[in-house]
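Letter by letter, the chains look like this.
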Amino acid sequence: MAALSVVSLISKKIIKPSIPTPLSLRSHKLSFVDQVIHMCTPIAFFYPKVGNYAYKSYEPTQVSQLLEKSLSKTLSFYYPYAGRLKNGSSVDCNDMGVELSTVRVHCPMSKIFKHPYTEAEHVVFPQAKPHDHNEGNLAIAQVSHFDCGGIAIGACLSHKIGDGCTASNFLYNWGVLSRDINATPSPRFVGESIYPQSNDPSVISSIKYEEPIGYLGKRLIFPATKVNALKAKISRESGVKNPSRTEVVSALLYKCAVAARRANNVGSFKPSTLFQLANMRQRLNPPLSHHACGNVISGFFVKTTNERELNYPRLIREMRKEKEKLHVHENNATKNAIISEVVDSLEKGKTPFHSSEVDDYACTSVLLFPVYNTDFGWGRPARVSMATGPFNRYFFLMDNQSGGGVEAIVMLGEQDMAIFERDPELLEFAIPIPNH
């Protein structure tokens with residue numbers, strides 16, 4: 001895919017909020033979760049050119065003018081993204097702005113769509129490693145014009161400002177303002193009000209992330225009919241009523257990934273855990289709106305110590321049991337599974353979420369987030385990309401374009417992926433891209 005990484009820069013600009021941030025909002029305090037996360041949330045939207053679209057032009061200059069104006073207005077609502085970090089504990093919302101690049105990608109969009117692995121999609125992001133925290137900037141974006149006339153809009157949004165819900169809302173509202181500049185989004189930044197920040201710099205600086213090498217990202221489509229069939233199968237086997245899409249798809253992916261890992265370990269079973277990230281907005285008391293911005297997240301672990309435990313009934317029941325524990329009766333940070341794991345690990349001198357004795361898997365679901373409804377004036381995207389890496393043994397779930405199904409991006413080591421992507425149980429329900 002080296003040829004696909006060749007792009008020509010058309011322009012690069014700094015976009016500032018259209019309305020200066022009031023003095024009362026100039027200091028945005030970070031929560032503990034904000035402080036310990038050192039990466040970006042990368043999201044990209046692909047819009048193939050279809051005929052002569054009457055509503056918005058595909059011509060680069062007009063596209064740039066449209067998106068610059070709407071991004072400027074968006075930043076007046078999502079003002080921390082236009083600021084700069086200050087002493088690791090707050091953001092100076094000083095309206096320094098967001099970098100927006102416009103590039104030409106020297107290939108048709110279809111060439112990326114046909115590639116079997118997701119690394120080809122990285123050309124539409126404004127940096128080579130989309131998950132890396134960009135020094136200084138808390139958000140950077142890129143508009144990519146393909147030779148076929150299609151457009152992609154990619155952005156890397158600092159995880160210190162917010163989680164996947166926050167990032168998807170930002171981009172959705174950028175689209176809304178591109179269609180109607182007079183729209184009025186209503187985000188509310190919660191800062192450290194949920195998880196108070198740490199005043200111990202040694203705790204924050206001691207958390208490091210080691211990027212794995214030799215992993216691949218694979219995109220899988222689970223059509224609504226297949227998801228319903230998987231739900232029915234697991235419900236019969238487990239006795240759990242109305243299992244969710246996230247529960248059944250993550251259980252299947254985890255089961256097949258562990259089986260591939262075992263095959264590469266010459267049949268020996270290694271204990272493993274599945275960590276499910278969870279949106280806490282509706283689990284807090286009182287609950288928060290979907291428009292609440294920040295890292296309002298927690299999660300839970302499902303542990304598998306032997307091969308007998310790797311079955312759907314047990315996995316789904318454990319997910320349900322652990323998920324129930326996330327509902328809190330007060331906004332108490334000590335009940336947050338992420339914070340508990342980080343603090344416990346640091347006290348023992350270990351890296352959080354890592355053990356050489358256990359294979360760690362993780363799953364993030366943004367099902368019901370408006371990713372496929374993000375419309376900048378060219379209709380719904382043909383594809384949404386959540387860039388792969390720097391993770392191994394990671395599953396990312398989102399709605400599929402037609403609705404009702406699930407789109408999964410699976411990140412595994414090359415050897416495990418070679419077995420995983422041929423698993424008959426997986427292929428009974430999933431359609432790999434580009435076969436879709």
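The notes below deal with the structure included here. For clarity, every value in this text was computed on a predicted model and none was experimentally measured. (Residues numbered from 1 in each chain as written. Predicted model: local features only at pLDDT ≥ 70, side-chain atom pairs only at ≥ 80, totals over all residues. Heavy atoms only, no water.)

## A look at the side chain of Thr364
Next, step 1: When you line up the elements, Thr364 lands in strand β14 (residues 359-365).
Next, step 2: Thr364 gets classed as buried once you look at its relative accessible area, which sits at 10%.
Next, step 3: If sequence neighbours within four positions are ignored, Thr364 has contacts with Leu277, Tyr394, Phe395, Phe396 and Leu397. (Helix = DSSP H or I, 4+ residues; strand = E, 2+ residues; numbered from the N terminus. Buried < 20%, exposed > 50% of the residue type's maximum accessible area, 1.4 Å probe, protein only. Contact = heavy atoms within 4.5 Å.)

## Remarks on the pairing of β14
Next, step 1: Summarising burial for β14: 5 of the 7 residues are buried, a large majority.
Next, step 2: As paired elements, strand β11 (residues 272-279) and β14 share 5 bridges and run parallel to each other. Bridge pairing in β14 places Thr273 opposite Asp360.
Next, step 3: Direction of pairing for β14 relative to strand β16 (residues 394-398): parallel, over a ladder of 4 bridges. (Pairing = 2+ DSSP bridges.)

## Re the pattern of salt bridges
Next, step 1: This structure, assessed with the given rule, holds 21 salt bridges.
Next, step 2: Between Lys12 and Glu99 there is a salt bridge; the shortest N-O distance is 4.0 Å. Remark: Glu99 occurs in strand β6 (residues 98-105) and Lys12 occurs in strand β1 (residues 7-15); sequence separation between them is 87 residues.
Next, step 3: A salt bridge links Glu309 to Arg314; the nearest nitrogen and oxygen atoms lie 3.7 Å apart. (Salt bridge = Lys/Arg side-chain N within 4 Å of Asp/Glu carboxyl O.)

## Focus on the environment of Glu421
Next, step 1: In this fold, Glu421 is placed in the loop between α10 (414-420) and α11 (424-427).
Next, step 2: Along the chain, Glu421 and Lys218 lie 203 residues apart, while their C-alpha atoms are 8.2 Å from each other.
Next, step 3: Excluding residues that lie within four positions of it along the chain, Glu421 makes contacts with Tyr117, Lys218, Leu426 and Leu427.

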